[in-house]
Amino acid sequence: MNKYNVAIVGVTGAVGQEFLKLIEERNFPFDNLKMLASKRSAGKKINFMGKEYTVEETTNDSFKDVKIALFAGGAASKMFAPAAVEAGAVVIDNSSSFRMDPNVPLVVPEVNPQAIARHKGIIANPNCSTIIMVMALKPLYDIAKIKRVVVSTYQAVSGAGREGMDELKNQVDEIVNNKPVNSNVLPVASLDKHYQIAFNLLPQIDVFKENLYTKEEMKMIDETMKIMEDSSMRITATTVRVPVYRSHAESVNVEFVDEVSVEAARAALSKFPGVKICDDPDNMIYPQPLNTSGKDDVEVGRIRKDYSIEHGLNFWVCGDQIRKGAALNALQIAEYIIKNS
Ligand SMILES: NC(=O)c1ccc[n+]([C@@H]2O[C@H](COP(=O)([O-])OP(=O)(O)OC[C@H]3O[C@@H](n4cnc5c(N)ncnc54)[C@H](OP(=O)(O)O)[C@@H]3O)[C@@H](O)[C@H]2O)c1
């Protein structure tokens, strides 16, 4: 089997660390592995699969001989992805920098693998909440066209990276030790104003836009239409940060053009790769973030009719947003490219 020179930009972050776990777990065929991050982490040692690696600062010269560049470094994508492409690498990017660029495919391999072939060097991984939602929407869309989607998210603090997780842990420690609570990261680290997330909910993820939606909400709306290749679909979203470490949950209401029974929805969802039905109300079985954390599958449950409209269903979906919502989805894209090259 061919082996590929791989670079991970942002290897010290939440998504970067998950890339390492998945590369080992999935036996990803890498040859040389470059571990890249910012200047802050340069020189740091990482032991991986029996070898010690030294983290390097990412520069435009980091990508010589690299064939697959996995980007999980936030703003680093805009700064260095063009240099990686120039050096001959295929970039698979977790940031939002290129997602809505018409020249960049936005891909969930189970949903729109056909888009991968259109790439010109960069392939974008969608927003994590979008990936988890479209994994459940696609099998339903295949049995009946979707008219409208109303989604509310319950997003884990790790969606805000390492510092989001540290913030929740530190606040819980402060509270149980009767100390004053410090809030420095959420809802948006780069803003001046912060709120407590421990024992609280924040209905703001990312900054507000002029239309009063947050950027996260607009990402779910715009990206879903691009991935599903259907701009006629009406979508509205409310995205909320919850004091959960890992795995996003979403309450999704779908209106179809034609009738879709609960049984037909279950049958379609259960056949779809990467989706697991977890729905047994008699035995109180439903998806929970604690159960999907560290797992590859997106779990769907609470599937029921929406009696307030003619052809509607409600369901609840949970998925590990660092895995399927980021690193796993990106690695699956890389695996698809390798298999089809
Ligand atoms: N966390 C999630 O659930 C999730 C889900 C989907 C997509 N994403 C996206 O994935 C990306 C990474 O998120 P994360 O949660 O892993 O963030 P994170 O835990 O905060 O880690 C950020 C990483 O980016 C590196 N970095 C920052 N500035 C850089 C620069 N100028 N050049 C090179 N590397 C730089 C950091 O390196 P240092 O250690 O040197 O600071 C660190 O390795 C973001 O674009 C995020 O939006 C995250």
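Residues numbered from 1 in each chain as written. Predicted model: local features only at pLDDT ≥ 70, side-chain atom pairs only at ≥ 80, totals over all residues. Heavy atoms only, no water.

## A look at the overall build of the protein
Step number 1: Each helix and strand counted, the protein has eight helices and 14 strands in total.
Step number 2: The C-alpha atoms of the protein give a radius of gyration of 20 Å, which matches the 20 Å a tight globule of 341 residues would have.
Step number 3: Counting only C-alpha atoms and orienting by the principal axes, one finds that the protein spans roughly 60 × 55 × 40 Å.
Step number 4: For the protein, with 341 residues in total, the buried portion stands at 54%.
Step number 5: For the protein, the proportion of contacts with a sequence separation of at least 24, taken over those separated by at least 6, is 65%. (Helix = DSSP H or I, 4+ residues; strand = E, 2+ residues; numbered from the N terminus. Rg over C-alpha atoms; globule rule 2.2 N^0.38 Å. Buried < 20%, exposed > 50% of the residue type's maximum accessible area, 1.4 Å probe, protein only. Contact = heavy atoms within 4.5 Å.)

## Digging into the site of the ligand
Step number 1: Neighbouring the ligand are 28 residues; Thr12, Val15, Ser38, Ser41 and Ser158 lie closest to it.
Step number 2: Contact between the ligand and Ala14: an oxygen atom at 2.9 Å from a main-chain N or O atom of the residue.
Step number 3: One nitrogen or oxygen atom from the side chain of Arg40 is found 2.9 Å from an oxygen atom belonging to the ligand.
Step number 4: Contact with the protein chains removes 83% of the 900 Å² of surface that the ligand exposes when unbound.
Step number 5: Listed by contribution, the elements that provide at least two residues to the shell around the ligand are helix 1 (14-25), helix 2 (76-86), helix 4 (161-176) and helix 8 (323-339).
Step number 6: No other element matches helix 2, which puts three residues into the shell around the ligand.
Step number 7: Of the residues assigned to the shell around the ligand, the class counts are 11 nonpolar, 15 polar and two charged.
Step number 8: When residues of the shell around the ligand are assigned to domains, at least three fall in each of domain 1 (4-126 + 326-339) and domain 2 (130-321). (Near = heavy atom within 4 Å. Polar contact = N/O pair within 3.5 Å; in protein donor to acceptor, adjacent residues only side chain to side chain. Areas by Shrake-Rupley, 256 points an atom, 1.4 Å probe, with all protein chains shown as cover. Nonpolar A, V, L, I, M, F, W, Y, C, P; charged D, E, K, R; others polar. Domains from an automatic or database assignment.)

## Some thoughts on the side chain of Asp306
Step number 1: Mapped onto the elements of the fold, Asp306 is located in the loop between strand 13 (298-305) and strand 14 (312-319).
Step number 2: Only 2.8 Å separates the side chain of Asp306 from the side chain of Asn253, close enough to count as a polar contact.
Step number 3: One polar contact links Asp306 to Ser308, side chain to side chain, over a distance of 2.6 Å.
Step number 4: The residues contacting Asp306, other than those within four sequence positions of it, are Asn253, Gly312, Leu313 and Asn314.

## Quick look at the nonpolar core
Step number 1: Counting 56 residues, the largest nonpolar core has Phe63, Phe71, Leu137, Val252 and Phe315 as the members making the most contacts within it.
Step number 2: If you tally residues by element for this core, the top one is helix 3 (residues 128-141), at eight residues.
Step number 3: The residues contacting Leu137, other than those within four sequence positions of it, are Ile146, Val149, Thr224, Met228, Val252, Val254 and Phe315.
Step number 4: Core analysis: the second largest hydrophobic core is formed by 38 residues, Ile23, Ala37, Ile46 and Ala326 among them. (Core = buried A, V, L, I, M, F, W, Y, C linked by side-chain atoms within 4.5 Å.)

## Focus on the packing of aromatic side chains
Step number 1: Applying the stated criterion across every chain yields a total of four aromatic pairs.
Step number 2: Pairing Phe48 with Tyr53 gives two aromatic rings, centres 6.3 Å apart and planes at 55 degrees, and the pair type is tilted. One exposure class covers both Phe48 and Tyr53, and it is buried.
Step number 3: Aromatic rings pair up to connect Phe30, Phe48 and Tyr53 into one cluster. (Phe/Tyr/Trp six-rings, centres within 6.5 Å; stacked < 30°, edge-to-face > 60°.)

## Overview of helix 1
Step number 1: The end-to-end C-alpha distance of helix 1 is 17 Å, a good match for the 16 Å that 12 residues give at a rise of 1.5 Å each.
Step number 2: Taken residue by residue, helix 1 has Ala14, Val15, Gly16, Glu18, Phe19, Leu20, Leu22 and Ile23 as its buried positions.
Step number 3: Contacts from the buried residues of helix 1 go to strand 1 (4-9), strand 2 (30-37), strand 3 (45-48), strand 6 (68-71), helix 4 and helix 8.
Step number 4: Looking one or two residues beyond helix 1, the residue adopting positive phi is Asn27, at roughly 55 degrees. (Expected span 1.5 Å × (residues − 1).)

## Topic: the sheet that holds strand 8 (residues 122-124)
Step number 1: Taken in spatial order, the six strands of this open sheet run 5-2-1-6-7-8, and their pairing is parallel. The strands lining the two open edges of the sheet, one partner per strand, are strand 5 (56-57) and strand 8.
Step number 2: Pairing of strand 7 (residues 90-93) with strand 8 involves three bridges; the strand directions are parallel. Bridge pairing in strand 8 places Ile92 opposite Ile123.
Step number 3: Sheet strands in contact with helix 8 are strand 1, strand 6, strand 7 and strand 8, and its direction is about 155 degrees off that of strand 7. (Pairing = 2+ DSSP bridges. Axes fitted to C-alpha atoms, helices over the stretch in contact; angles between N-to-C directions.)

## Some details on the sheet that holds strand 12 (residues 275-277)
Step number 1: What the six strands build is an open sheet, ordered 10-9-11-14-13-12; its pairing is mixed. Each edge of the open sheet is held by one strand with a lone partner, namely strand 10 (234-241) and strand 12. When strand polarity is set aside, the average angle formed by the axes of neighbouring strands in this sheet is 20 degrees.
Step number 2: With five bridges connecting them, strand 13 and strand 14 associate as antiparallel partners. The residue bridging Arg304 from the neighbouring strand is Asn314, located in strand 14.
Step number 3: Where helix 6 (residues 262-271) meets the sheet, it contacts strand 12, strand 13 and strand 14, and its direction lies at approximately 170 degrees from that of strand 13.

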